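Here are the chains, one letter per residue:
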Amino acid sequence: MRRVLGLLSVIVLIFLVIPCIGEETTLKVEQMEFCAAVKDRTPVGAAQTFPSDIYRIYCFTRVVGAADTTEVIHEWYYGEKRMAAVRLPVRSSSWRTWSSKRMIPQWTGKWRVDVLDEDSTVIASKEFVVE
């Protein structure tokens with residue numbers, strides 16, 4: 001009886017471990033857009049260039065590849081100066097999320113948002129301009 005239970009334990013362990021071998025979860029940003037608003041989880045007014053009188057700019061991202069709940073970070077840069085870092089949850093294998101930055105008219109020029117995974121690895125980066 002002990003042999004049978006031992007053998008069953010090994011078989012159960014194999015079925016639990018084998019599916020995980022080689023399973024690597026790699027987050028990827030499948031979509032990244034800057035926009036004037038987000039409505040119904042969809043970017044509205046997507047652009048690469050915005051007027052200096054815009055009140056707020058959104059960075060919309062669609063993240064794929066999460067095997068479990070994790071997070072991404074949107075780091076907002078004005079030139080080379082980090083202006084904000086926003087932690088955002090990722091709760092499924094295809095997840096839409098966004099952050100926003102309130103703007104002031106004096107902040108004209110190049111902006112960039114880096115998207116980092118939970119290990120602080122940059123998984124996407126994109127620029128926009130405020131004129």
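Quick summary incoming for the structure in this document. Here, residues in each chain are numbered from 1, in the same order as that chain's written sequence. Predicted model: local features are reported for residues with pLDDT of at least 70 only, side-chain atom pairs are reported and counted for 80 or more only, and whole-chain, interface and lining totals are derived from all residues. Each side-chain value is worked out from all heavy atoms of the structure, with water and hydrogens disregarded.

**Concerning the nonpolar core**
Joining through side-chain atoms within 4.5 Å is the link that ties buried Ala, Val, Leu, Ile, Met, Phe, Trp, Tyr and Cys residues into a set, and such a set is a nonpolar core. A simple rule labels every residue: compare its accessible area, found with a 1.4 Å probe on the protein chains alone, to the largest value its type can have, and call it buried under 20%, exposed over 50%, or partly exposed in between. Within the largest apolar cluster, 22 residues are counted, with the highest numbers of intra-cluster contacts made by M32, F34, I57, M103 and F128. A run of H or I in DSSP counts as a helix once it spans at least four residues, and a run of E counts as a strand once it spans at least two, with each numbered from the N terminus. Of all elements in the fold, only β1 (28-35), β5 (56-64), β6 (70-78), β7 (81-90), β9 (109-116) and β10 (122-130) reach the threshold of two or more residues within this core. The criterion used for residue contact is that any of the two residues' heavy atoms lie within 4.5 Å. Sequence-distant contacts of M32, that is, excluding residues within four places in its chain, are made with C59, F60, T61, V113, V115, A124, S125 and K126.

**Some points on the sheet that holds β6**
Here a strand pair is declared whenever DSSP counts at least two bridges between the two strands. If you trace the 5 strands from one edge of the open sheet to the other, you get β4-β10-β9-β6-β7, paired in mixed fashion. Since the sheet does not close on itself, it has two edges, and those belong to β4 (49-50) and β7, each with one partner. Sheet analysis places β9 next to β10, joined by 8 bridges and oriented antiparallel. Counted as the bridge partner of V115 is A124 from β10.

**As for the environment of S94**
Structurally, the position occupied by S94 is in strand β8 (residues 94-102). Relative accessible area serves as the criterion here: at 39%, S94 is assigned to the partly exposed category. Distance from S94 to A66, taken between C-alpha atoms, is 7.3 Å for residues 28 residues apart in sequence. Excluding residues that lie within four positions of it along the chain, S94 makes contacts with R62, V63 and V64.

**Quick look at the pattern of salt bridges**
Salt bridges are defined as contacts in which a side-chain nitrogen from Lys or Arg sits within 4 Å of a carboxyl oxygen from Asp or Glu. Applying the stated criterion to the full structure yields 5 salt bridges. A salt bridge links R112 to D114; its shortest N-O distance comes to 2.9 Å. Residue class for D114 comes out buried when judged on its relative accessible area of 9%. Taken together, the salt bridges that share partners define one network made up of E80, R112 and D114.

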